[in-house]
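In case you want the letters, here they are:
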Amino acid sequence: MRLFLKILSLLLIAFYIFTKAQKTPDSVLIKKAKLEIYDNPDNTIRIGEQLLKKSHDVKTSINLYMLLSTANIAKRNFEESLKYILKAKELSQKTNDPKSQSGVLISVAIQYQQMELFSKSLETLNEADQYIAKIPAKNPERYSETAASYAIRGMIYKSQSNSEIALEKFLISIQNYEKVPVKKTTYSNMSVVYYNIGYCYLNLNQIDKAQEAFLQSIAFARKNYAKSLEAFALKGIAEIHKQKHENQSAISLLLKAESLCKNTGDIILNEGLYKELADNYLAMGQQNLYQQYNKKYLEMRFKRKQNELKSINQVIDNHNKETALKSKDLKSYYRYIKIISVLLGCIFIVILLYFIIKIRKQNKKFQKEIQQMIRTS
């Protein structure tokens, strides 16, 4: 009997563990997906799509669409990323939450910035700023959204070779990220901003400040175990070594970066690493390795261009749809204006006729009174 009870209790424990394992909270899965967004975006996409199928909450669906969009940006799959972020934007219009609305618009702005549609990105950021202003002043999300907005503006100016203006925006971004109480949520973002600050200083030939910024980028990437972000920063330091003609040191850093990001599938990162490796091997006269990495670089470059072309076609299609909707709305608006104008016109004519008839009646009455007065006199 005791043996039977022991077996039964073990079975119950096993069943409990099994059911607990089967019911992993969605929040835990979302957290796991966010942590792997840079180093294993395929797994993030798999988790996101799995959770999206059973999501019935609008805000959760918006967050999942944004997660899927960001994961696809990490893979430089702009077409898929744009598809998801536009769905998030569509859903966000059904809410009155300024945080969701601003967050989605900032993600859209990132998408446009990545595709080098800078005017469209700035236009979207201006729209997002209107919603950020509605978030309470002491709310941490206001700081994080403001920081993201300035970070994107900085990237746009950096891409346009305005390094000094870009630095101003990036430093404001860092100041706002530092005000967010839960720092872990901002480590990866701060790593990205410091990486861009490093390149701004590099463009301004301030080598020491550039190296300091890249080291900061590595430190924040490691705090969040973001290997691909660490790889980006290592690439930046390698460029400093290349400028100093320390090609072997640069190659060592680049090979370490290549090893760190092997699972990410980040086309732009791989393209940059292969180009730098090719340049350094060429400078050292190692033709075979130069040709090997130059070929890889050209393949990544071609793949990136193909992805961008697909995404631009989708942007054009979406722009045409938005224009058609706006045109439809304008037609409806002018139709209502026309109906209201006709109604007002009719009311005005009725009132005018009323007063004309009234005045005529009064005139006739006065004429009769005058005639009667003349007769009596």
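This structure is a prediction, so every number in the text was calculated from the model and none was measured.

Here the focus is the side chain of Q114. One can find Q114 in helix 6 (residues 98-114). Residue contacts for Q114: discarding those within four places in its chain leaves I73, R76, F78 and I268.

A separate point is the packing of helix 12 (residues 227-243) against helix 13 (residues 247-260). Axis separation between helix 12 and helix 13 bottoms out at 8 Å; the angle between their running directions is 170°. The orientation of helix 12 relative to helix 13 falls into the category roughly antiparallel. Taking contact as the criterion, the partners of K227, E230, A231, L234, K235, I237, A238, H241 and K242 in helix 12 are, on helix 13, N247, S249, A250, L253, L254, K256, A257 and L260. Residues that form the contact of helix 12 with helix 13 fall into these classes: nine nonpolar, three polar and five charged.

Take L64: it is sitting in helix 4 (residues 58-74). When the C-alpha positions of L64 and I85 are compared, they lie 9.7 Å apart, and in sequence the two are 21 residues distant.

Unusually for a residue other than glycine, Y225 sits at a positive phi of about 55°. Note on placement: Y225 falls in the loop between helix 11 (207-223) and helix 12. Among the residues examined, Y225 registers a relative accessible area of 64% and is labelled exposed. Not every positive phi belongs to a glycine, and H245 is a case in point at roughly 65°. Relative to the helices and strands, H245 is located in the loop between helix 12 and helix 13.

What follows concerns helix 9 (residues 163-178). Its 16 residues give helix 9 an end-to-end C-alpha distance of 22 Å, which sits within 8% of 22 Å, the value for a rise of 1.5 Å per residue. Turning to helix 9, its buried residues are S163, A166, L167, K169, F170, S173, I174, N176 and Y177. The inward-facing, buried residues of helix 9 abut helix 8 (140-159) and helix 10 (187-203).

We now examine the packing of helix 8 against helix 9. It is at 8 Å that the axes of helix 8 and helix 9 come closest, and there the two elements cross at 160°. Accordingly, the angle class assigned to the pair helix 8 and helix 9 is roughly antiparallel. Helix-helix and strand crossings are classified by hand; for helix 8 and helix 9 the assignment is left-handed. Across the interface between the two elements, Y143, S144, T146, A147, A148, Y150, A151, R153, G154, M155, Y157 and K158 of helix 8 pack against I165, A166, K169, F170, I172, S173, N176 and Y177 of helix 9. Residue composition of the contact of helix 8 with helix 9, by class: 12 nonpolar, five polar and three charged.

Applying the stated criterion across every chain, the model contains nine aromatic pairs. Here Y187 and F220 contribute two aromatic rings whose centre-to-centre distance is 6.0 Å and whose plane-to-plane angle is 35°, an arrangement assigned as tilted. With Y187 in helix 10 and F220 in helix 11, this residue pair connects regions lying 33 residues apart in the sequence. The pair formed by Y187 and F220 is uniform in burial state, with each residue classed as buried. Where Y195 meets Y199, the ring centres are 5.1 Å apart and the plane angle is 70°; that geometry is what we call edge-to-face. Remark: Y199 and Y195 occur in helix 10; sequence separation between them is four residues, near one turn of the helix. Judged on exposure class, the residue Y195 and its partner Y199 are both buried.

So, about the nonpolar core. The biggest cluster of nonpolar side chains holds 57 residues, and the ones touching the most others in it are I106, F170, V193, I197 and F214. For this core, the leading source of residues is helix 10, giving 10 residues. If we ignore the near neighbours within four places in the chain, the residues touching F170 are A151, G154, M155, K158, V193, N196, I197 and C200.

Turning to the pattern of salt bridges, a few remarks are in order. A pair can form between side chains of opposite charge whenever their charged atoms are brought close. Applying the stated criterion to the full structure yields nine salt bridges. Taking the shortest distance from any N to any O, the salt bridge between K99 and E145 comes out at 2.9 Å. Note that K99 is positioned in helix 6 and E145 in helix 8, a separation of 46 residues in sequence. The salt bridge involving K242 is made with D279; its shortest N-O contact spans 3.6 Å. In this pair, K242 sits in helix 12 while D279 sits in helix 14 (residues 267-283), placing the two residues 37 residues apart along the sequence. A residue is classified by how much of its surface remains accessible, and D279, at 25% relative accessible area, is partly exposed. Salt bridges sharing common partners tie together K242, K275, E276 and D279.

Definitions and cut-offs
- Residues numbered from 1 in each chain as written.
- Predicted model: local features only at pLDDT ≥ 70, side-chain atom pairs only at ≥ 80, totals over all residues.
- Heavy atoms only, no water.
- Helix = DSSP H or I, 4+ residues; strand = E, 2+ residues; numbered from the N terminus.
- Contact = heavy atoms within 4.5 Å.
- Axes fitted to C-alpha atoms, helices over the stretch in contact; angles between N-to-C directions.
- Parallel < 35°, antiparallel > 145°, perpendicular 65-115°, else oblique.
- Nonpolar A, V, L, I, M, F, W, Y, C, P; charged D, E, K, R; others polar.
- Buried < 20%, exposed > 50% of the residue type's maximum accessible area, 1.4 Å probe, protein only.
- Expected span 1.5 Å × (residues − 1).
- Left-handed = near helix turned anticlockwise from the far one by under 90°.
- Phe/Tyr/Trp six-rings, centres within 6.5 Å; stacked < 30°, edge-to-face > 60°.
- Core = buried A, V, L, I, M, F, W, Y, C linked by side-chain atoms within 4.5 Å.
- Salt bridge = Lys/Arg side-chain N within 4 Å of Asp/Glu carboxyl O.

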